[in-house]
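Observations on the model geometry
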Amino acid sequence: MKKKSLTISVWAFILIVWFTVTNLGWVSPILFPSPQEVFKTFVGIITHGYNNIPFWEHLGITLFRLFSAIFLAIITAVPLGLASGTSDTFNAIIDSLIQFYRPIPPLAYYTILILWLGIGETSKIVLLYLAAFAPIYLACVEGVKHINSDYILSAKSLGANPWFVFRWVVFPGALPNIFTGIRTAMGVSFSTLVAAEMVASTSGIGWMVIDASKYLKSSVMFLGILILGGLGLLLDFILQKIEQKWIFWKGKS
Amino acid sequence: MKKKSLTISVWAFILIVWFTVTNLGWVSPILFPSPQEVFKTFVGIITHGYNNIPFWEHLGITLFRLFSAIFLAIITAVPLGLASGTSDTFNAIIDSLIQFYRPIPPLAYYTILILWLGIGETSKIVLLYLAAFAPIYLACVEGVKHINSDYILSAKSLGANPWFVFRWVVFPGALPNIFTGIRTAMGVSFSTLVAAEMVASTSGIGWMVIDASKYLKSSVMFLGILILGGLGLLLDFILQKIEQKWIFWKGKS
Amino acid sequence: TSTDNNSDQIKIGILNTPNDVAVARNLNYFEKEFPGKQLKFITFDSGVDANKALMSGGVDFATMGDTNGVVALTADIPVKLLWINEICGNNEQLIVKKSSNIKNIQDLKGKKIATPFASTSHYSLMIVLKKYHLEDKVTVLDMDTQNIVAAWKRGNIDAAYTWQPTLTQLQSDGKTLLDSSTLGNWGYSTGNVTLVRDQFLKDRPKDVEKFVKVLSKAHKLRKSNYHLAVKAAAKQTGISVSDADKQMKGTDWISIDQEYSTNYLGNKRNIGQFVKEMQVAGKFMYGQQTISYAPGFDEFNNFTYRFGGDQFWKH
Amino acid sequence: METLIKANNLSIKYPNTTEKIIDKTNFEIQDNEIFVLVGPSGCGKSTILQAVAGFIPADGELLMDGEKITEPDWNRGVVFQNSSLYPWLTVEKNIGFGLKARGFSKEKIQKRVSYLLDIIGLSEQRNTKTFELSGGMKQRVAIARVLANKSELLLMDEPFGALDAFTRFKMQKLILDIWAKEKTSILMITHDLNEAIRCSNKIAVMNSHDKKIVEIFNNQFQGIDAENIEDFEIEKKVDTFRSQILSLINS
Amino acid sequence: METLIKANNLSIKYPNTTEKIIDKTNFEIQDNEIFVLVGPSGCGKSTILQAVAGFIPADGELLMDGEKITEPDWNRGVVFQNSSLYPWLTVEKNIGFGLKARGFSKEKIQKRVSYLLDIIGLSEQRNTKTFELSGGMKQRVAIARVLANKSELLLMDEPFGALDAFTRFKMQKLILDIWAKEKTSILMITHDLNEAIRCSNKIAVMNSHDKKIVEIFNNQFQGIDAENIEDFEIEKKVDTFRSQILSLINS
Ligand SMILES: Nc1ncnc2c1ncn2[C@@H]1O[C@H](COP(=O)(O)OP(=O)(O)OP(=O)(O)O)[C@@H](O)[C@H]1O
Ligand SMILES: Nc1ncnc2c1ncn2[C@@H]1O[C@H](COP(=O)(O)OP(=O)(O)OP(=O)(O)O)[C@@H](O)[C@H]1O
Ligand SMILES: [Mg+2]
Ligand SMILES: [Mg+2]
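1. A word on the overall build of chain D
Along its length, chain D carries seven helices and ten strands. In terms of overall dimensions, chain D is globule-like: its C-alpha atoms have a radius of gyration of 18 Å, near the 18 Å expected for 251 residues. Principal-axis analysis of the C-alpha atoms gives chain D an extent of 50 × 50 × 35 Å. Taking all 251 residues of chain D together, the buried fraction comes to 56%. For chain D, long-range pairs separated by at least 24 residues make up 67% of all intrachain contacts whose partners lie at least 6 apart in sequence.

In structure tokens:
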């Protein structure tokens, strides 16, 4: 494919420019470490870990925090969102609260979370959880609201009671939206990761970047950024695959 | 409306619980300042400013950073996004770069931005800009890709040259998406605000919250959070109104 | 990077503590020494941000912990070590919760200790832990000072190595195990230092001399009129006079003769003791993997600005 | 024959508007009858059907088997113009939906679904995803889904409107066959007069201003292919009948 | 009469598939002729129209006025099934789109648009937003938009497929009127045989397997209302004609 090879050339070009510029010493190595340097750092961290903690443990703890948060967000936001989409009363109670907290930058309330919940894993996971909650909730409300009303009328006139309608029509009907919401939530939560690991951590990929920036270890910073970028892409890719498999009817009717 | 009054009751209820719990001294005022306290702080900051800077200046500088970033993002992401949606070659060149940087948490690369661009306004605005860029870019690509192909075929068989098609069909056809992208961008940029004002600032609402959290001034933290929440809602509301007026055909065909 | 050659402007990165810069600012020493020049003071929370600013040309001078100075050297930031603002004493302490039953340093085993990473306190703590072979037996947490207070209050941590004014907030239910003057006695002195950008030094050596003169004047004032100096520092940093007094008592401000002597920064011929101890710190930090290499004496020698000193310190 | 549906002075308006869409109309649908409603676009055909289905409330009398219609019920199955099959369920599960909702046993459902798949000629597609079916196939599944319940009345709102002329022709035959087998009653809307003539026992006509059914014709030509009549005598009669209806529609 | 479109051994396949959809078909469209294409769903009618429009490439010979058709051109205006009007432009701007694209002066555009608005009976709706129009109105604007260019050929792919029977009937008359006034040629696709008989000069028939036009009939009944013929002699002929076409379609 022409397109693919063009993309590869672009990355190759960037790599070459990066290599040339840094190796000819045109830029300071703190501003821009060379690719070999970053690679060497990578190998070093893979083999010896960072701050005496193996690389896989850093990665593991970060993923643990992220997945715990997403998991909690799914099991709370999906029922609340579906309820809010279905019942006007429930919507009146809960919706404005979520609309209000949603735009607030997570860092603004992180200190308060720490005061309330301590410096352990709880406050970190809750921060990521709050970031993930709103997108899933909103997607559920949206999903329920946009279900083809004929689907519901059909079900009723086929003899389905409200619970049956919910279980077999409203829920699957909203699923494509819910899944999109989960993907968005993963993105938002992921982008809050570094903030969450900024306080009282001694592990995690986000913390590694923050720690490196304290000592101006550019090659570690660059490496961390590259790892986070790749990880973000990978997670979204996996979610996309799962979506294609589970929500096979998405976009069809 | 029944719904509205229910919503108001919920907020009234929260306020009452907040008032009661704090005034009966059931929780520590650092964990949870009372509403009067927060209100007093509000009046104090409105009249005397915070850290010898008037409140409106804090608000102004924050909005200046935000709007500069959004403005820059619009004037760069819209052309790039439209080009990337229109031309496969251009897409091959640019798309993977943006897909790669997009998931990276802004805080991960903030230090590098500061090293490159200094501690002044530039690095702050660029951080917000990078947060805002991706959503607008992606919305433009999406917008172009989802234009009814009959629209374009019609235009061609009516005698329109490529530029005319772009100006009068592709661009307006993608506008609803672009606007949604701008709203998302505003949200993402807004949630990065506190991070941007965390380093070497002495003004801005985000900085105010950070500064307050250093000295555990809970009432200022709460106030800042409430202000940020309200501001976020307000900005989105304004964008929504503009959207309704400008993109009058949205969702119609 | 914005290397502006605006010779009417001086950008100074400061810490919001009652130190010589605060005294000088409050008493308008800077204005007097730099008439007609535009002075911009930028407050940093830590040497971490100050280093970023030096790197990108956002400030010409910046005050920070000497460990951050080591970071600046290993990160190859084009700066020179110009001045020791203060030597840390009991303003930085290892403090433990009274309720935690920690009687001596050995008891720290298995406990959680918080400290702001990359700070002088962090370094001091690691030295203590190493000396007592506790490195792998305690959990060291990276926290900003404000988070240390919050975590302390909630009982999330058992001990902290931190500085004033945070210490005051911990002292009501805390007990001091050791302070940084002890570390100094062991040969691991720490202190706050001021760095200057190479470019500035090259372009405007006279302004650098004047800058040192201003700070030296503050040091002299502390010797001659301690009370006035404390009052000025308190006013400048917005804290009470008694707090300022407590914090300043914990530190040592050395005279300009001492600064550029073999005890501290060294003179034309010899490297100073303080700089030597910084080199030790560098070696230690490298051992901790916090910096990418351990600079040798030569590098510290080049890093230290002390040769010009002979000409003006007698003012 | 017994009266299945009885509408007496039936008036309908939508909750969000003030204007009456249907104003005091009367009609009856008998047991085992195909009752077709024709009229210009926007005259209120779908509105009447929705009221009968129990989707929207109505004023006046609207009874099924003597009981007031208040909400949707399995005894009145609805076929929509765009099949509204559930894309997340297979063909089999779609057809069995109503029976499952009503708590029938797996075996019973299985049996009935197999029988219906056979009737609509889609036994092969039992486990196919619905969005992989063609338009005509979808509509057949939608009809089978409603038939599964053995409801007394089928409501169909332009069920073949989205199909091409040739598929449409086949579907009309299918409906007549099923109707003969299952002995159900049907209320159907169409804007194709030939379809109305071919399928119905009765044709109810609406125009664009009276807000009611203005005439109900008995149709003697059920089963005829109105576009290809061999016998010229009959053809003449059909044409007269069609003209009569058309002029009423346009009145 | 001159030949406007000439297709000689025309074969078409879509770029993303290997199978030929149209295989060596031949036809000609004369000047000032209405050429209607009928056939079962999926036989390739739209594919032929798109090739003539220049939207997809074709093998073999496909000429307009003796020149090869390679890309869309204002001289071949297209009316889609779903009008594809631009919702961000008013009715007036939509109709004037082609003229503006081709650089005509404001006054010229103004004049032509007024004339066309008059013909389609929408002068009142000049500044209306297109999404506020009914389906029939939209289709009229779409036709006017194409007419504005005074192109030699109009291509219409089931232009009235989404309209109800009564609106449809009126639109057919409009097309015939416009055709008489504007002296244009038309290639139209429909799945309604009565529409084909009423509108066309020639009817080209496709079936579902030959991948080509199997027969082209001359139609003598243009203008007739095929569902309501008074004269029984003529009606008989029309019926025979229709049966002939139908049997070819289903062949
Ligand atoms: N949900 C609704 N709310 C308010 N008014 C409605 C609603 N649905 C339809 N109407 C109005 O009721 C009238 C009748 O609509 P209805 O859908 O019953 O017409 P119809 O005869 O089925 O037309 P068609 O042949 O186009 O389907 C129309 O004027 C329409 O605008
Ligand atoms: N874009 C496309 N890519 C590949 N195959 C296509 C495409 N469009 C149509 N086809 C195939 O080409 C064949 C002919 O399609 P076409 O749309 O021309 O039929 P048609 O006669 O217009 O049918 P209808 O009456 O349903 O509109 C079909 O088998 C269809 O699957
Ligand atoms: Mg209807
Ligand atoms: Mg077609």
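2. Section: the site of ligand 1
Residue and element names in this part refer to chain D. Every residue near ligand 1 is listed here: Tyr 14, Asn 16, Ile 21, Ser 41, Gly 42, Cys 43, Gly 44, Lys 45, Ser 46, Thr 47 and Glu 158. Tyr 14 places a side-chain nitrogen or oxygen 3.3 Å from a nitrogen atom of ligand 1. One of the backbone nitrogen or oxygen atoms of Gly 44 is found 2.9 Å away from an oxygen atom of ligand 1. Taken by itself ligand 1 offers 640 Å² of open surface, and the protein chains cover 61% of this.

3. Topic: the domain arrangement of chain D
Residues and elements named next belong to chain D. Each assigned domain of chain D is listed here: domain 1 (3-75 + 152-249) and domain 2 (85-150). Each of domain 1 and domain 2 has a C-alpha centre, and these two points are 25 Å apart. Listed by partner, the interface residues are 13 residues for domain 1 and 14 residues for domain 2. Summing both partners gives a buried area of about 1,200 Å² for domain 1 against domain 2, and 73% of it is carried by carbon and sulfur. Per-residue buried area on domain 1 facing domain 2 is highest for Trp 74, Ile 178 and Glu 182; these three make up 41% of the total on that side. Seen at the junction of domain 1 and domain 2, the total is one salt bridge. Between Glu 182 and Arg 112 there is a salt bridge, with its nearest N and O atoms 3.0 Å apart. At the surface where domain 1 touches domain 2, the tally comes to three residue pairs in polar contact (both at pLDDT 80 or more). With seven residues, helix H5 (residues 165-182) is the largest single contributor of residues to the side of domain 1 that touches domain 2. For the side of domain 1 that touches domain 2, the class distribution of residues is nine nonpolar, one polar and three charged.

4. What about the relation of the copies chain D and chain E?
It takes a turn of 180° to lay chain D on chain E, together with a shift of 0.0 Å along the axis; the resulting RMSD is 0.1 Å. Each copy turns onto its partner about a two-fold axis. Taken together, the interface assignments show that 100% of the residues at the interface of chain D recur at the interface of chain E, consistent with an identical surface on both copies.

5. Some thoughts on helix H3 (residues 55-86) of chain B
The end-to-end C-alpha distance of H3 of chain B, which contains 32 residues, comes to 46 Å, matching closely the 46 Å that a straight helix rising 1.5 Å per residue would cover. The sharpest bend along H3 of chain B reaches about 30° and sits at Ala 77 of chain B, with the proline Pro 79 of chain B one to four residues further on.

6. Focus: the site of ligand 2
Residue and element names in this part refer to chain E. The immediate surroundings of ligand 2 are formed by Tyr 14, Asn 16, Ile 21, Ser 41, Gly 42, Cys 43, Gly 44, Lys 45, Ser 46, Thr 47 and Glu 158. The separation between an oxygen atom of ligand 2 and a polar main-chain atom of Cys 43 is 3.3 Å. Taking Ser 46, its side chain carries an N or O atom lying 2.6 Å from an oxygen atom of ligand 2. Ranked by residues supplied to the shell around ligand 2, first place goes to helix H1 (residues 45-53) with three residues. Considering only residue class, the shell around ligand 2 consists of three nonpolar, six polar and two charged.

7. Some thoughts on the pairing of strand E9 (residues 202-206) of chain E
Working note: regular strand, side chains alternate between the two faces of the sheet. Residue and element names in this part refer to chain E. With five of its five residues buried, E9 lies for the most part within the structure. Along E9, one buried face is formed by Lys 202, Ala 204 and Met 206 and the opposite face, lined by Ile 203 and Val 205, is buried too. Sheet analysis places strand E3 (residues 34-38) next to E9, joined by four bridges and oriented parallel. Its bridge partner being in E9, Phe 35 is matched across the sheet by Lys 202. One ladder, built from five bridges, connects E9 with strand E10 (residues 213-218); its direction is antiparallel. By the bridge assignment, Val 205 is partnered in E10 with Glu 215. Hairpin connection from E9 to E10: six residues lie between these consecutive antiparallel strands, with Lys 211 at a positive phi of about 55°.

8. Some thoughts on a nonpolar patch on the surface
On the surface, a cluster of nonpolar side chains totalling about 360 Å² of accessible area is made up of Trp 11, Phe 13, Ile 14 and Val 17 of chain A. If you trace the backbone, Phe 13 of chain A turns up in helix H1 (residues 2-23).

9. Some points on the interface of chain D and chain E
Interfaces are frequently sized by the accessible area removed from exposure as the parts join. At the interface, 20 residues of chain D touch 20 residues of chain E. The junction of chain D with chain E conceals about 1,700 Å² of combined surface from both sides, 57% of it contributed by carbon and sulfur atoms. Linking chain D to chain E there are zero residue pairs in polar contact (both at pLDDT 80 or more). For the side of chain D that touches chain E, the secondary structure elements donating two or more residues are H5 and helix H7 (232-249) of chain D. Take the side of chain D that touches chain E: its biggest share by element is eight residues, from H7 of chain D. Within the side of chain D that touches chain E, the residues separate by chemical class into seven nonpolar, seven polar and six charged.

Each value, and the rule that gives it
Each chain has its residues counted from 1, following the order in which its sequence is written. Both sets of labels track the order of writing: A upward for chains, 1 upward for ligands. Thresholds applied to this predicted model are a pLDDT of at least 70 for local features of residues and 80 or more for the giving and counting of side-chain atom pairs; totals over whole chains, interfaces and linings are not thresholded and use all residues. Only heavy atoms go into the side-chain values, all of them from the structure, while hydrogens and water stay out. The helix count covers DSSP runs of H or I at least four residues long, the strand count covers runs of E at least two residues long, and both are numbered beginning at the N terminus. When we talk radius of gyration, it's over C-alpha atoms, and the globule rule is simply 2.2 Å times the number of residues to the 0.38. Exposure is judged per residue with a 1.4 Å probe applied to protein chains only, and the accessible area is read against the type maximum: over 50% gives exposed, under 20% gives buried, and values in between give partly exposed. The contact criterion used is simple: two residues touch if any of their non-hydrogen atoms lie within 4.5 Å. What makes a residue near a molecule or strand is one non-hydrogen atom of that residue sitting within 4 Å of it. Any pair of N or O atoms that falls within 3.5 Å is considered a polar contact. Within protein, one atom must be able to donate a hydrogen and the other to accept it, and sequence-neighbouring residues count only if both atoms are side-chain atoms. For every accessible area listed, the method is Shrake-Rupley and the probe measures 1.4 Å; residues are considered covered only by the protein chains on display. Where each domain begins and ends is defined by an automated method or by a domain database. Buried area counts how much accessible surface, traced with a 1.4 Å probe, disappears from two parts once they are put together, with both parts' losses summed. Here, a salt bridge means any Lys or Arg side-chain nitrogen found within 4 Å of an Asp or Glu carboxyl oxygen. Polar here means any residue other than Ala, Val, Leu, Ile, Met, Phe, Trp, Tyr, Cys and Pro, which are nonpolar, and Asp, Glu, Lys and Arg, which are charged; Gly is therefore polar. Least squares is the method for superposing the copies, and the C-alpha atoms it fits come from residues with pLDDT of at least 70 in both. Working rule for helices: expected span equals 1.5 Å times residues minus one. To get the bend at any residue, fit one axis to the seven residues that end at it and another to the seven that begin at it, then take the angle between the two axes. One requirement defines pairing of two strands: DSSP has to find at least two bridges between them. In this analysis, a patch consists of residues with relative accessible area above 30% that form no salt bridge, clustered at 9 Å for like charges and at 5 Å for the nonpolar side chains Val, Leu, Ile, Met, Phe, Trp and Tyr.

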